[in-house]
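One-letter residues, chain by chain:
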Amino acid sequence: MGYAIKSACDLTLTNLANPEDTTTIDFLNSFNITTESENFEAYKRGDLCITIAGQRKGIK
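Quantities reported herein were computed from a predicted structural model and do not represent experimental measurements.

Asker: Can you walk me through the overall build of the protein chain in this structure?
Answerer: Counting secondary structure elements, the protein chain contains zero helices and four strands. Ordered by position from N to C terminus, the α and β elements of the protein chain give β-β-β-β. Looking at the protein chain as a whole, 3% of its 60 residues are labelled buried. The long-range share in the protein chain, meaning contacts at least 24 apart out of those at least 6 apart in sequence, stands at 12%.

Asker: Can you help me understand the environment of Thr51 in this one?
Answerer: Structurally, the position occupied by Thr51 is in strand β4 (residues 47–53). Leaving out residues up to four positions away in the same chain, Thr51 has contacts with Asn39, Phe40 and Glu41.

Asker: Any chance you could explain unusual backbone geometry here in plain terms?
Answerer: The phi angle of most residues is negative, glycine excepted, and most peptide bonds adopt the trans form. With a phi close to 55°, Arg45 is a non-glycine residue in the positive phi region. With respect to the helices and strands, the residue Arg45 is situated in the loop between β3 (39–44) and β4.

Asker: What is the right way to look at the pairing of β3 in this model?
Answerer: Here is the key point about a regular strand: its side chains alternate between the two faces of the sheet. With respect to burial, β3 is a largely exposed element, only zero of its six residues being buried. Between β3 and β4, which follow one another and run antiparallel, lie two residues, and Arg45 among them has a positive phi close to 55°.

Asker: Sorry if this is basic, but what is going on with a nonpolar patch on the surface here?
Answerer: Taken together, the side chains of Phe40, Ile50 and Ile52 define a hydrophobic patch exposed on the protein surface, amounting to about 290 Å² of accessible area. Note on placement: Ile50 falls in strand β4.

Asker: Can you help me understand the environment of Cys9 in this one?
Answerer: For Cys9, the position within the fold is in strand β1 (residues 9–14). Spatially, the C-alpha atom of Cys9 lies 7.4 Å from that of Phe27, the residues being 18 residues apart in sequence. Setting aside its immediate chain neighbours within four residues, Cys9 contacts Ile25, Leu28 and Phe31.

Rules used in this analysis
Residues numbered from 1 in each chain as written. Predicted model: local features only at pLDDT ≥ 70, side-chain atom pairs only at ≥ 80, totals over all residues. Heavy atoms only, no water. Helix = DSSP H or I, 4+ residues; strand = E, 2+ residues; numbered from the N terminus. Buried < 20%, exposed > 50% of the residue type's maximum accessible area, 1.4 Å probe, protein only. Contact = heavy atoms within 4.5 Å. Pairing = 2+ DSSP bridges. Patch = residues over 30% accessible without salt bridge, like charges linked within 9 Å, V, L, I, M, F, W, Y side chains within 5 Å. Areas by Shrake-Rupley, 256 points an atom, 1.4 Å probe, with all protein chains shown as cover. Salt bridge = Lys/Arg side-chain N within 4 Å of Asp/Glu carboxyl O.

Put into structure tokens, the structure is as follows:
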């Protein structure tokens, strides 16, 4: 019996304090990503003019 496993994703983790310090995981066969962000709304004279997506966080 033959079968094949395909990598679903290559993941690189980067240290925010030292961007040169990275860890690469290249054997993920399945993964889930969840992000959260708060939207900021800008109003002009009481009317909504623009919605800005805030910084994303909470990758799982």
